[in-house]
Amino acid sequence: MRVLIARPMTAEVEARARSEFDVEIRTNTSVMSRAEMLRALVEFDVVVPTLGDAFDAGVFSQVPEPRCKLLANFGVGYNHIDVGAAMAAGVEVTNTPGAVTDATADIAMTLMLMSARRAGEGERLVRSGQWQGWHPTQMLGLHLSGKHVGVVGMGRIGQAIARRCHFGFGMQVSYIARSAKQLDFEAHHAGDLSKMAAEVDVLVVAVPGGAETHHLIDAGILAAMKHSSHLINIARGEVVDETALIAALQTGQIAGAGLDVYEFEPKVPQALMDLDNVTLLPHLGTATEEVRSNMGHMALDNVAAFVAGQALPNSV
Ligand code: NAP
């Protein structure tokens, strides 16, 4: 069984992969080219792809009978893979749910606090040497404790964010999901996204990417939000209409935004970089050694199950 891992991994994950499998580990940290994806489907039994490796219907149509029978995705989000086209070509798909949850929720909280309390802007002020000293009305932001958060997508990460908001910051929680959740804390299942957006102080996006959620947060939702409110996106860039968001930030329609992901990642529009009321992180959601190792082991557990002919632990 030949296994291709599409990016360098943490040392312990690479060591395990080399000890258990006949593995090739790509040394390039950028997304796979189309030619690389075609070679992967033809020459390997299992591929471990990740964010941005666009295994779309076109790729599968060029390799109708691939040698590869499993895409063991590294990451919970798999919107870069056309799962229907993969299945039709006889390729199963797995992901790494759970391993990413707490770390991604922590980055959502980082962005909420940075945006509400103007931390990025403040840090730039200090570094610029222009800071004149403390005074009672210097850089006033939004007090987060006790405010109302709206979580768009109350799955694993959405619930971890909501827990932090409720237990850590005494916040009121509302949420949107396709189904109501049984939770051990109070949270309101809102029926209408626009109505919820109008009521909250912070709107946090935690739905998967893909056709169903493309531009779920559009100009209409941003127009419904309070002028004092903040938008946080730790999900996928394309869930938010980036052009509409730039306009909302430029006109003061909303007070600020915190972004970990971008519509045309890794491209970040100059207009966003020019704005002081947006916090921009380089997709740091799961970026700790421990979490990336846990994700790697979870992906390799799926590979190992496949090699042993067992049921796959994390089929999507
Ligand atoms: P999950 O457990 O599957 O949760 C997704 C939630 O979104 C569920 O509550 C689901 O509703 C809801 N949802 C799905 N489609 C919807 C729609 N059309 N309208 C309204 N709600 C919808 O996934 P997760 O583990 O929390 O991960 C969420 C996403 O976060 C991933 O897909 C990934 O793209 C992103 N992510 C980002 C980072 C990062 O580094 N920034 C890291 C990890 C993950 P139901 O519960 O009713 O099904």
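Residues numbered from 1 in each chain as written. Predicted model: local features only at pLDDT ≥ 70, side-chain atom pairs only at ≥ 80, totals over all residues. Heavy atoms only, no water.

- Going by an unreviewed UniProt entry, the chain carries the name D-glycerate dehydrogenase and comes from Parasedimentitalea maritima.
- Database annotation for the chain, UniProt heading Sequence similarities (unreviewed entry): "Belongs to the D-isomer specific 2-hydroxyacid dehydrogenase family." (UniProt positions renumbered as here; feature names shortened; annotations may be inferred.)

## What to know about the sheet that holds strand β10 (residues 230-233)
Point 1. Reading across from one edge, β8-β7-β6-β9-β10-β11-β12 is the order of the seven strands in this open sheet, with parallel pairing throughout. The sheet is open, and its two edges are formed by β8 (188-189) and β12 (278-280), each paired on a single side.
Point 2. Relative to β8, strand β7 (residues 172-176) is paired through two bridges, and the arrangement is parallel. Paired with S174 across the strands is H188, a residue of β8.
Point 3. Across the sheet, helix α10 (residues 242-251) touches β10, β11 (256-259) and β12, and the angle it forms with β11 is around 140°. (Pairing = 2+ DSSP bridges. Helix = DSSP H or I, 4+ residues; strand = E, 2+ residues; numbered from the N terminus. Contact = heavy atoms within 4.5 Å. Axes fitted to C-alpha atoms, helices over the stretch in contact; angles between N-to-C directions.)

## Regarding the domain arrangement of the chain
Point 1. If you check the domain split of the chain, you get domain 1 (2-99 + 288-308) and domain 2 (100-280).
Point 2. With 10 residues of domain 1 in contact, the opposing surface of domain 2 contributes nine residues.
Point 3. Buried area between domain 1 and domain 2, summed over both chains or domains, comes out near 740 Å², and the portion from carbon and sulfur atoms is 57%.
Point 4. Across the domain 1-domain 2 interface, the total number found is zero salt bridges.
Point 5. On inspection of domain 1 and its partner domain 2, the count reaches four residue pairs in polar contact (both at pLDDT 80 or more). (Domains from an automatic or database assignment. Buried area = accessible area lost by both parts, 1.4 Å probe. Salt bridge = Lys/Arg side-chain N within 4 Å of Asp/Glu carboxyl O. Polar contact = N/O pair within 3.5 Å; in protein donor to acceptor, adjacent residues only side chain to side chain.)

## Some words on the site of the ligand
Point 1. Near the ligand you find 26 residues, and of these I157, R178, S179, K181 and I234 are the closest.
Point 2. G285 is positioned such that a nitrogen or oxygen atom in its backbone is 3.5 Å from an oxygen atom of the ligand.
Point 3. Starting from 930 Å² of accessible surface for the ligand in isolation, the protein chains cover 86%.
Point 4. Here the shell around the ligand is composed, by residue class, of 11 nonpolar, nine polar and six charged. (Near = heavy atom within 4 Å. Areas by Shrake-Rupley, 256 points an atom, 1.4 Å probe, with all protein chains shown as cover. Nonpolar A, V, L, I, M, F, W, Y, C, P; charged D, E, K, R; others polar.)

## Some words on the UniProt feature "domain: D-isomer specific 2-hydroxyacid dehydrogenase NAD-binding" (unreviewed entry) in the chain
Point 1. UniProt tags residues 109-285 as "domain: D-isomer specific 2-hydroxyacid dehydrogenase NAD-binding" (unreviewed entry).
Point 2. Secondary structure over residues 109-285 splits into 33% helix and 15% strand, and the C-alpha atoms at its two ends are 11 Å apart.

## Considerations on helix α5 (residues 101-116)
Point 1. End to end, α5 covers 23 Å across 16 residues, agreeing with the expected 22 Å (1.5 Å per residue, within 8%).
Point 2. Buried residues of α5: T101, A103, T104, A105, I107, A108, M109, L111, M112, S115 and A116, and no others.
Point 3. R118 occupies a position one or two residues after α5 and carries a positive phi of about 55°. (Expected span 1.5 Å × (residues − 1). Buried < 20%, exposed > 50% of the residue type's maximum accessible area, 1.4 Å probe, protein only.)

## Some remarks on the pairing of strand β6 (residues 148-152)
Point 1. In terms of residue burial, β6 counts as a mostly covered element, since five of its five residues are buried.
Point 2. On β6, burial covers both faces: H148, G150 and V152 on one face and V149 and V151 on the other are all buried.
Point 3. Relative to β7, β6 runs parallel, the two being bridged by five bridges. Looking across to β7, one finds that G150 is bridged to S174.
Point 4. Handedness of the crossover is the feature at issue here: the chain leaves β6, passes through helix α7 (residues 156-169), returns alongside β7, and the resulting connection is right-handed.
Point 5. For β6 and strand β9 (residues 202-205), the ladder comprises four bridges, and the chain directions are parallel. Pairing of V151 across the sheet is with V204, part of β9. (Right-handed = clockwise from strand over helix to strand, strands pointing away.)

## Concerning the pattern of salt bridges
Point 1. Applying the stated criterion to the full structure yields 19 salt bridges.
Point 2. Here R2 makes a salt bridge to E24, at a shortest N to O gap of 3.5 Å. Here E24 lies in strand β2 (residues 22-25) and R2 lies in strand β1 (residues 2-5), a separation of 22 residues in the sequence.
Point 3. For E24, a relative accessible area of 28% translates into the label partly exposed.
Point 4. Of the charged contacts in the structure, one is a salt bridge between K195 and E199, with a shortest N-O distance of 3.7 Å. Placement of both K195 and E199 in helix α8 (residues 193-199) is noted, with a separation of four residues, approximately one turn of the helix.

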